[in-house]
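# Secondary and tertiary structure notes
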Amino acid sequence: MKIGLFIPCYIDAFYPNTGIATLELLEKLGQDVDYPMNQTCCGQPMANSGCNSDAAAAEALFVKNFAKYDAIVMPSGSCTHHVRDNFDAIPQTDEVKHVRAHTYELVEFLHDILKVEDFPWAEFPHKVGLHNSCGTLRALRTASMSELGEPFFSKPMDLLKKVKGISFATPKRPDECCGFGGTFSVTEEAVSARMGYDKVRDHHEAGAEYIVSADTSCMMHQQGCAERNGVPIRFIHIAEILNGARA
Amino acid sequence: MKVKRVNHAKAAEEFLEDAPHLTFHDERLWDMRQKRDQQMHILPEWQDLRSRASEIKEHTLANLPEYLEQFEANAKKNGIHVHWAADAAEHNRIVGEILERHGSKSLIKSKSMVTEECDMRSYLEPRGVTVTETDLGERIQQLDGQMPSHIVVPAVHKLVPDVAKIFAKNYNTDPNDNSPQSLAEAQRMAARPVILAADAGMTGGNFLVAETGTFVVCTNEGNADLSSTVPNLHIATLGIERIVPRMADMGVFIRLLSRSALGSPITQYTTHFRGPQKGGEMHVILVDNGRSARLGMEEFWTSLKCIRCGACMNTCPVYRRSGGLSYGAVYSGPIGAIIDPTFNERKYSALPFASTMNGSCTNVCPVKINIHEQLYKWRRVLAEHHELPFVKREIMHMAGRLMGQPTLYRTAINGTEVALSTLPRFVLYNWLNPWGKHRELPHPVKQTFHSWYKENRLKKGKAQ
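As a convention, each chain's residues are numbered from 1 in the sequence order in which they are written. Lettering of chains starts at A and numbering of ligands starts at 1, both following the order in which they are written. Where totals are concerned, whole chains, interfaces and linings use all residues; where local detail is concerned, this predicted model gives features only for residues with pLDDT of at least 70, and gives and counts side-chain atom pairs only at 80 or more.

### As for the interface of chain A and chain B
- By definition, residues are in contact whenever their C-beta atoms, placed on the basis of the backbone, come within 7 Å of each other. Contacts between the two partners involve 60 residues from chain A and, on the opposite side, 58 residues from chain B.
- Put simply, the parts of the chain that give the side of chain A that touches chain B at least two residues each are helix 1 (9-14), helix 2 (16-28), helix 3 (44-48), helix 4 (56-66), helix 8 (134-139), helix 10 (184-187), helix 11 (189-205) and helix 12 (216-229) of chain A.
- Each helix corresponds to a stretch of at least 4 residues labelled H or I by DSSP, and each strand to a stretch of at least 2 residues labelled E; elements are numbered beginning at the N terminus. A total of seven residues in the side of chain A that touches chain B trace back to one element, the largest contributor, which is helix 11 of chain A.
- Only Asp, Glu, Lys and Arg are considered charged in this grouping, and only Ala, Val, Leu, Ile, Met, Phe, Trp, Tyr, Cys and Pro are considered nonpolar; every other residue, Gly among them, is considered polar. Here the residues of the side of chain A that touches chain B are counted per class, giving 32 nonpolar, 16 polar and 12 charged.

### Points about unusual backbone geometry
All names here are of chain B.
- Although it is not a glycine, M357 adopts a positive phi angle of roughly 55°.
- Within the element layout of this structure, M357 appears in the loop between helix 16 (333-343) and helix 17 (360-364).
- Buried means a residue has 20 or more other C-beta atoms within 10 Å of its own C-beta, exposed means 12 or fewer, and partly exposed covers the counts in between; C-beta atoms are placed from the backbone. Among the residues examined, M357 registers 26 C-beta atoms within 10 Å and is labelled buried.
- Located in the positive-phi region is K368, a residue other than glycine, with phi close to 55°.

### Details of the sheet that holds strand 9 (residues 269-273) of chain B
Residues and elements named next belong to chain B.
- Pairing between two strands requires that DSSP report at least two bridges joining them. Spatially, four strands are ordered 8-5-6-9 in an open sheet, and the strand pairing comes out mixed. Strands at the two margins of the open sheet, each flanked by one partner only, are strand 8 (243-244) and strand 9.
- As paired strands, strand 5 (residues 207-209) and strand 6 (residues 214-219) are joined by three bridges and run antiparallel to one another. Bridging from a neighbouring strand, V209 pairs with T214 of strand 6.
- Contacts from helix 12 (residues 250-261) reach strand 5, strand 6, strand 8 and strand 9, with the element oriented near 20° to strand 6. Axis definition: a line fitted to C-alpha atoms, limited for helices to the stretch in contact. Angles are taken between N-to-C directions and run from 0 to 180 degrees.

### Focus on the UniProt feature "domain: Cysteine-rich" (unreviewed entry) in chain A
Residues and elements named next belong to chain A.
- UniProt positions are given in the numbering used here, feature names are shortened, and annotations may be inferred rather than shown by experiment. Under the feature "domain: Cysteine-rich" (unreviewed entry), the UniProt entry names residues 4-83 and 128-221.
- Each end of residues 4-83 is marked by a C-alpha atom, and these two atoms are 14 Å apart; helix forms 52% of the span and strand 11%.
- Counting secondary structure, residues 128-221 comes out at 41% helix and 12% strand; the distance between its end C-alpha atoms is 18 Å.

Shown next, in the form of structure tokens:
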């Protein structure tokens, strides 16, 4: 299986360690991974703003970059959701359909496709609060949703439980959106920042040293809210923990 | 006429500045969501009920004319006068004419979103009719000159001292007496004489039942029963989408309604109105006011399934932190954001963007309206109809072009890095930068992933 790695723009620019961890982790798991150098964006910001036709160039480039791979993996739930569920600014050719059907968010790829049993190199002796982004939770369904009362399951938790020394804090409102919401974070900045502040405080009060998530965009926002409001909590992407980061 | 867009973001920012109101609002509504969850856990058939309710509503909406005519025929057999109102103006005119025929000058009414939608009070009052809301929350809002901020708990954005001030102004009570008991008593003492002296009563309604020609009103205060039975004249006004085919369907909807709304198993009063009381007169007004047009909208017609429980508002993290009035519309919250634009696209064009599209609303909806997907679709429609602010549209055009050109894009990304690491703080965090108003920017890094990969993989011989 040949894997194409997609690193979203904000990870590329602000959180390269998340990209590196994703790549190294897949390599440690014996995967053949390429990072196409001409990649930019999946088109989500434009499409989510209603400007779907403005997403066409990004979507076409995405397909050009990734059509040749058996699987496209990305450490981002919302980008995966866009490609899988909303990627329709361009004609739906066989290539496009192939890309959409074979795009995976990292956690679901590890959990459902590779079915990884353990991460012998991973150890994280800290108490963490897991943040499920709304993209992974309610669109990709990598965990059970509180509104539906369904039996508990959590793919990211399944993976994290295989990490030595880790323990978990349970916030009061684990499913509540953190308020990032893409361009919402700017157009509705006051509500967005308040939601982020409430979110990091909830985790902090539950005793979390770290917030861990499969989505860097949520954490970029939460980190900004925590720092501005003096909430002492750190942030780490799940790929980094699974790849063996100790702090 | 130039229509002014509702500025949700600005109104929300003002709401957020008042910590006690914000905290109460968020926690009170979250508590309602928690109680709703508890009720859901008690009923193992909850998801089946939601599916049934959704199917019944979709079936009914697909056969709306037949069921409405069936209702009309059966209601007439029950001695009910049935009226059809194509829009708000016709609705208000019908009400005015009925009152005029009876010489009614004092109308008491229970809560009805349709009368809010039709702005009925401001039609009737200049015509000499005194309209008195009998629902406590709605009465508070009436006295304060505000729209309801929530479809079930209309004054939920207010604290007890706010109510004490409003009552002091209107009922001459002590503005510093913040005891809910004495405030409730003041309202009771003020309302009872009005109720007893009223010459007409009005209610909304939750369900029309086609096969029986009856309708159902659910309240917790009993005020709808007083409003409808104390005067001899009862006018009920309901949207045409409120219809269900059979009485048996009530077994599905009544189980879902209050559990979803307040997290209580059932409302205190569930009244089936079957016809006028002895010597009295009963009127039902079936209101369209844009509903037929909405039914024809392929992507949005299922919003007509709504039973007005407010669960989507209670769970919405944006609504809880911005307050219902920030939506500037009769219907606020997630359901408001998908139906308000059907009344006026330009005026309500910001509302589908007042959401993170997190999807919690869709999950709690008892009739399975795909609210967050409709929000997404509305954004597209509004962009296509040129209802996005100019700056946003231009930014998206530019971003779209940039994202299609890897070389330009790479230059821009590198520029961001340079900017973050070199520009002074007052430049990065100024009023032009909404991100930085209440939040820190991400930290600059030494190297992008892209350049790391080039150095650590490509140069080390990995073929592209």
